[in-house]
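Listed here are the chains, written in short residue letters.
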Amino acid sequence: MTYNIKNGGRDGTDQGRLDRVLQVVAEQRPDVLALQELRGLRRDRDRLDTVARRLGMRAYLAGGWFGQPVAILVRPPVEAVAVAPVRRPFHHGAQRVVLATDRGPLTVLGTHLNPYSGRRRLREAGWLVGAAGRGGPDRRPLPERLVLLMGDLNTLDPGDRHDGRIGRLLPEYRARHLMPDGLTVDSRAVAALYRAGFVDLFRPEGSGTPADRAEPPHTVPTSAGGGAEFTGMRLDYLLGTPPLARLAHDPRVVTGGAAESASDHYPVTVEFDLHPR
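Because the structure is a prediction, the values reported are computed rather than measured. (Residues numbered from 1 in each chain as written. Predicted model: local features only at pLDDT ≥ 70, side-chain atom pairs only at ≥ 80, totals over all residues. Heavy atoms only, no water.)

## Here's the deal with the packing of aromatic side chains
This is how it is decided: Each Phe, Tyr or Trp ring, with Trp reduced to its six-membered ring, pairs with another whose centre is within 6.5 Å; inter-plane angles below 30 degrees give stacked pairs, above 60 give edge-to-face pairs, and intermediate values give tilted ones. Strands here are runs of E lasting at least two residues and helices are runs of H or I lasting at least four, both read from the DSSP assignment and numbered beginning at the N terminus.
Enumeration according to the criterion identifies two aromatic pairs in this entry. Measuring from ring centre to ring centre gives 5.3 Å for Phe90 and Trp127, while their planes differ by 70°; the resulting arrangement is edge-to-face. Residue Phe90 is found in the loop between β5 (80-85) and β6 (93-101), and its partner Trp127 is found in helix α3 (residues 118-132); the two are separated by 37 residues along the sequence.

## What to know about helix α1 (residues 16-28)
The condition is simple: How far a helix is expected to stretch is found by multiplying one less than its residue total by 1.5 Å. Relative accessibility thresholds used throughout: buried, under 20% of the residue-type maximum; exposed, over 50%; partly exposed, between the two (1.4 Å probe, protein chains only). The directions from the helix axis to the C-beta atoms form the arc being described.
For α1, spanning 13 residues, the distance from its first C-alpha to its last is 19 Å, which sits close to the expected 18 Å at 1.5 Å a residue. For α1, the full list of buried residues reads Arg17, Leu18, Val21, Leu22, Val24 and Val25. Projected down its long axis, α1 shows its buried positions confined to an angular sector of 155°, all on one face. Positive backbone phi, approximately 50°, marks Arg29, located one or two places after α1.

## Section: empty space enclosed by the protein
Just so we agree on the cut-off: Throughout, the protein atoms alone are placed on a 1 Å grid, and a set of points is a cavity if a 1.4 Å probe fits but cannot get out or a pocket if it is open with protein on both sides within 12 Å along at least five of seven lines; lining residues have an atom within 4 Å of a point. Grid points are joined across faces, edges and corners, and a volume is the space filled by probe spheres set on the points.
On inspection of all chains with the given rule, the structure shows one cavity of 30 Å³ or more. By volume, the largest cavity amounts to about 50 Å³. Residue assignment for the lining of the largest cavity shows that the elements contributing at least two residues are α1, β2 (32-36) and α2 (45-55). At four residues, α1 tops the list of elements feeding residues into the lining of the largest cavity.

## Considerations on the sheet that holds strand β9 (residues 199-200)
Our working definition: We call two strands paired when DSSP finds no fewer than two bridges between them. Here, two residues are considered to be in contact whenever any of their heavy atoms come within 4.5 Å of each other. All axes are obtained by fitting lines to C-alpha atoms, using only the stretch in contact for helices, and the reported angles, taken between N-to-C directions, cover 0 to 180 degrees.
If you trace the six strands from one edge of the open sheet to the other, you get β5-β6-β7-β8-β10-β9, paired in mixed fashion. The strands lining the two open edges of the sheet, one partner per strand, are β5 and β9. Pairing of strand β8 (residues 146-152) with strand β10 (residues 236-240), which is carried by five bridges, proceeds in the antiparallel orientation. In the strand pairing of β10, Met150 is matched with Leu238. Along the sheet, α3 contacts β6, β7 (104-112) and β8; its crossing angle with β7, the most-contacted strand, is approximately 165°. Contacts from helix α6 (residues 188-196) reach β8, β9 and β10 within the one sheet, and its direction differs from that of β10 by about 15°.

## Thoughts on the side chain of Glu124
Here is the rule we go by: We score Asp and Glu as negative and Lys and Arg as positive, and we do not count His or the chain ends. What makes a salt bridge here is a side-chain nitrogen of Lys or Arg within 4 Å of a carboxyl oxygen of Asp or Glu, nothing more.
Note on placement: Glu124 falls in helix α3. For the buried Glu124, no salt bridge exists, and the shortest N-O distance to an oppositely charged side chain is 7.0 Å, to Arg121.

## A word on the pattern of salt bridges
The full count for this structure, using the stated rule, is nine salt bridges. Across the salt bridge formed by Arg17 and Asp11, the nearest N and O atoms sit 2.8 Å from each other. Among the residues examined, Asp11 registers a relative accessible area of 38% and is labelled partly exposed. Here Arg234 ties to Asp157 by a salt bridge, and the two come within 2.8 Å at their closest N and O atoms.

## Examining the environment of Leu153
Here Leu153 is to be found in the loop between β8 and α4 (163-168). You can call Leu153 buried: its relative accessible area is 0%. Setting aside chain neighbours within four positions, we find Leu153 in contact with Thr111, Leu113, Arg121, Val190, Leu193, Leu235, Tyr237 and Leu239.

## What to know about the nonpolar core
This is how the line gets drawn: Among buried residues, those of type Ala, Val, Leu, Ile, Met, Phe, Trp, Tyr and Cys that are joined through side-chain atoms within 4.5 Å constitute a nonpolar core.
Core analysis: the biggest nonpolar cluster contains 50 residues, and Tyr3, Leu33 and Leu73 have the highest contact counts within it. Looking at this core, the element that brings in the most residues is α1, giving five residues.

## Some details on the layout of surface pockets
Note the cut-off: Think of it as three bins: nonpolar holds Ala, Val, Leu, Ile, Met, Phe, Trp, Tyr, Cys and Pro, charged holds Asp, Glu, Lys and Arg, and polar takes everything else, Gly as well.
Its boundaries defined by the atoms lining it, the largest pocket holds a volume of some 510 Å³. If you trace the largest pocket, you find 25 residues lining it, with Asp31, Val32, Val270, Glu271 and Phe272 closest to the centre. At the level of secondary structure, the elements contributing two or more residues to the lining of the largest pocket comprise β6, β8, β11 (248-253) and β12 (268-272). The element contributing the most residues to the lining of the largest pocket is β12, with four residues. Taken together, the residues of the lining of the largest pocket sort by class into 15 nonpolar, four polar and six charged. A volume near 370 Å³ is recorded for the second largest pocket. For the second largest pocket, the lining is made up of 23 residues, of which Glu37, Pro115, Tyr116, Arg176 and Glu229 are closest to its centre. Looking at the lining of the second largest pocket residue by residue, the classes come out as six nonpolar, ten polar and seven charged.

And the structure:
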């Protein structure tokens, strides 16, 4: 499951929204959870540990250079056999965790790409590809490994049409999703991940989907959580390498109930035919 919880789940001193975030997560009970926008939790590590304990999980935090930290949380008996942030100057951050499974090591990357610049998102996507294929006992090429990449990629999918949603954006937000010509949609970061071997788990046949295929549901904005910079977009992704995609089923955007006001993003989940080793 991946979830951008918006500014650490806190609006000023109001803790109510964080409680709703935790309610949403508890209802889904993920074994592995990628969280983004953990404002304040890097300095207040006790608060992150409290969040993890309330969920019955262990938290692995990674900070960025300019933005907000990200984390991957793991529920026992799933075991993290290696943990290391991706040490590149991400705007927000990226965490890398290797989990022991009955199908072999599973590398999980949780990230939040630059919200303002497509060129910088493309660079960050390259760093993720490098981290996905590096280290550990598995020496196979990236497309043959078990790798899950999830998070807020701040990028529209290259396989879909976006004219309408771009046109409805306020001018101050439109440039975030356009190339320098001001006309072409900038989907380079996700396209680069597809080229590297990742598959959209909402479209397990691969990234080369027909233009008339139904689009996956949007992940922003929620109905009551804010998000003036969005217009019915999918910015949160679950991507896997082909061997992992073959084990995936039931991808879903979680809507309704507390998810409508807990954040400006909806959480996204998927199931895998994998078990802890």
